[in-house]
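# Examination of the molecular architecture
Residue-level listing of the chains:
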Amino acid sequence: MDRLIINGKRCLKGEVKVQGAKNAVLPILAASILSKGKCTLMNSPALSDVSVASDILEFLGCDVQFSHNTVTVDSSGADKYIIPATLMEKMRSSVMFLGAVISRFRKAVITQPGGCDLGSRPIDIHIKALRQLGVEIQEEQGIILCFCDEIKPCKITLDFPSVGATENVMLASCISKGTTVLVNAAREPEIVDLQNFVNAMGGKISGAGTNEIVIEGVKELKGCTYCVMPDRIATATYLCACALCGGEIALKGAAYEHIKSVTDVLIYSGCDIKTYGNDVIVLKSQGKLSAKPLIETAVYPGFPTDAQPVITACMCCAEGKSVVRENIFSDRFRYCSQLKKMGADINIVGTGAFINGTESLFGADVEAMELRGGAALVLAGLKAEGKTTVTNVNYIDRGYEKIEKVFSGLGADIRRETDEG
Ligand code: EPU
């Protein structure tokens, strides 16, 4: 498995073009099976999770091509509705194929999805909502069998605004005879991107971005060309890196309004942030941050759980004490054991990380255990005195396109080593 070797203590300076959003392109790839034509997705990030989604589409009978951040999916030949466990367990987003495959074939057979280990990640909210749409669902020895005569549009109220469950309802109901109203829907920007993509295929969805989404069923969807939104978590990661290390970076192709909860913290902590035009964010930092006493993750537009590890890395080196509280996932602080090896003063008590900022961190051998925690270790390595080795880079590759190239382009001393064989 690959590892990153980082010699820290360098300021960051330069420009980055922000990658397309992982959490937008994955449900969009699942949605592409709903069109019986060809979909072209521009600004698709080259990530291992995107390869897994492509493998699932190909397994289902689609033709998928990826070149220069553009994916084309021709789903006219799709003829299978069973996704094997070997593909399902490679990522959480495989569950998005449930709603899409049911919609296309009126049946689907899947297993529990895999994904980063962030604590318990059940799919009960997805299952309950799909049952309300008239889908019969049985689970036998880990295999989930789903079938229906037709989707029955109705009003559904989610028990919690789950991002994935919201997307599955949109996908399952967008081709149907009638209107589905989804109450207590997730409001994340990636839901808006999915709505826009389905509508570009000829769907009639409105309200995404609010907590009530109205899905007017249509008879069929056609192919389209679509540009995926910028990745707000990659944006937050690069901003936090510069905040921590000091310097000045410009992020191009970014969406400032999607990460205001993160930039608010960075501004409070002493960074200077400006936006230019629609899509450029410039951050300047002296590399000396003040601690924010309390940062709490919440559903959008609150502070994103996916940016919790990178802001924690910042608070580890900020002057003062802070508490970072994780309210979305039950076990998202495992990476803190690795930050402690680098000199971070963090105590995890329940859902809170209690941090005493230290002036500096020191390089160490650390292990990425999941995607965003792995990114936090890279940021800590960029800040630390001496050499840091981050192993298990495959976790980081799920969500960041060539992270070492982004940071070396900004002046960091970082390189990837790959084991032979
Ligand atoms: N939940 C349930 N039952 C369900 C669904 C969710 O209890 O049926 C719980 C989860 O266990 C979790 C919480 O609800 O505690 C939030 O889960 P949600 O369904 O909203 O998240 P998701 O769809 O599994 C997406 C992103 C995650 C991101 C979360 C929250 C994708 C592919 N993944 O996951 O991204 O953290 O929303 O914003 O869109 C990442 O990119 O690193 C990542 C983990």
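Residues numbered from 1 in each chain as written. Predicted model: local features only at pLDDT ≥ 70, side-chain atom pairs only at ≥ 80, totals over all residues. Heavy atoms only, no water.

A separate point is the nonpolar core. Grouped together as the largest cluster of nonpolar side chains are 77 residues, with contacts concentrated most on Leu 29, Phe 97, Ile 102, Leu 171, Phe 197, Met 201 and Ile 213. Counting residues in each nonpolar core, the second largest holds 75 residues, with Cys 116, Leu 379, Leu 382 and Val 390 among its members. (Core = buried A, V, L, I, M, F, W, Y, C linked by side-chain atoms within 4.5 Å. Buried < 20%, exposed > 50% of the residue type's maximum accessible area, 1.4 Å probe, protein only.)

Here we have four strands laid out as an open sheet, ordered 4-5-3-13, and mixed in their pairing. On the outer flanks of this sheet lie strand 4 (63-67) and strand 13 (225-227), each paired with one strand and no other. With strand direction ignored, the average angle separating the axes of adjacent strands in the sheet is 15°. Pairing geometry for strand 4 and strand 5 (residues 70-74), over five bridges, is antiparallel. Within strand 5, the residue paired with Asp 63 across the bridge is Asp 74. Across the sheet, helix 7 (residues 189-200) lies against strand 3 (38-42) and strand 13, angled at about 165° from strand 13, the strand it touches most. (Pairing = 2+ DSSP bridges. Helix = DSSP H or I, 4+ residues; strand = E, 2+ residues; numbered from the N terminus. Axes fitted to C-alpha atoms, helices over the stretch in contact; angles between N-to-C directions. Contact = heavy atoms within 4.5 Å.)

The next point concerns the side chain of Thr 40. Tracing the sequence through the fold places Thr 40 in strand 3. Classification of Thr 40 as buried rests on a relative accessible area of 18%. Apart from the residues lying within four places of it in its own chain, the contact partners of Thr 40 are Thr 70, Val 71, Thr 72, Cys 224, Thr 225 and Tyr 226.

Attention now goes to the packing of aromatic side chains. In this structure the tally under the stated criterion is two aromatic pairs. Aromatic side chains Phe 197 and Tyr 226 sit 5.6 Å apart centroid to centroid with 70° between the ring planes, which places their arrangement in the edge-to-face category. Of the two residues, Phe 197 is situated in helix 7 and Tyr 226 in strand 13; the sequence distance between them amounts to 29 residues. For the residue pair Phe 197 and Tyr 226, the accessibility class agrees, reading buried in each case. Summarising the aromatic geometry, the rings of Tyr 238 and Phe 407 are spaced 5.9 Å apart at their centres and angled 85° between planes, so their arrangement reads as edge-to-face. (Phe/Tyr/Trp six-rings, centres within 6.5 Å; stacked < 30°, edge-to-face > 60°.)

The next point concerns the site of the ligand. If you check the shell around the ligand, you find 23 residues, and the closest are Asp 124, Ser 162, Asp 306, Ile 328 and Arg 372. Within the side chain of Arg 121, an N or O atom sits 3.3 Å from an oxygen atom of the ligand. Contact distances for the ligand include 3.4 Å between an oxygen atom and a side-chain N or O atom of Arg 332. Surface burial for the ligand is 89%, taken as the share of its 830 Å² of free accessible area covered by protein chains. (Near = heavy atom within 4 Å. Polar contact = N/O pair within 3.5 Å; in protein donor to acceptor, adjacent residues only side chain to side chain. Areas by Shrake-Rupley, 256 points an atom, 1.4 Å probe, with all protein chains shown as cover.)

This part covers the sheet that holds strand 20 (residues 352-356). Taken together, four strands build an open sheet; the order of strands is 17-18-20-19 and the sheet is mixed. Of all the strands in the sheet, the pair left with one neighbour each is strand 17 (294-296) and strand 19 (345-349). Strand-to-strand twist across the sheet, computed as the mean angle between neighbouring axes with direction ignored, equals 15°. Pairing analysis gives five bridges linking strand 18 (residues 321-325) to strand 20, with the strands arranged antiparallel.

The next point concerns the pattern of salt bridges. Tallied over the entire structure, the rule returns 15 salt bridges. We note a salt bridge from Asp 79 to Lys 80, for which the minimum N-O separation is 3.7 Å. Among the residues examined, Asp 79 registers a relative accessible area of 51% and is labelled exposed. Between Arg 232 and Glu 190 there is a salt bridge, with its nearest N and O atoms 2.8 Å apart. Of this pair, Arg 232 sits in helix 8 (residues 232-245) while Glu 190 sits in helix 7, placing them 42 residues apart in sequence. (Salt bridge = Lys/Arg side-chain N within 4 Å of Asp/Glu carboxyl O.)

This part is about helix 4 (residues 96-105). Of all 10 residues in helix 4, 10 are buried; the element is thus mostly enclosed. Buried residues in helix 4 make contact with helix 1 (22-31), helix 2 (48-59), strand 6 (107-111), helix 5 (124-132), strand 8 (143-147) and helix 6 (163-173). Looking one or two places after helix 4, you find Arg 106, whose phi comes out positive at around 65°.

The next thing to look at is the environment of Ala 108. As for its position among the elements, Ala 108 is in strand 6. Residue Ala 108 is classed as buried on the basis of its relative accessible area, which comes to 0%. Distance in space between the C-alpha atoms of Ala 108 and Tyr 395 is 28 Å, their sequence separation being 287 residues. In this structure, Ala 108 is in contact with Tyr 81, Leu 98, Val 101, Ile 102, Ile 144, Leu 145 and Cys 146, ignoring residues within four places of it in sequence.

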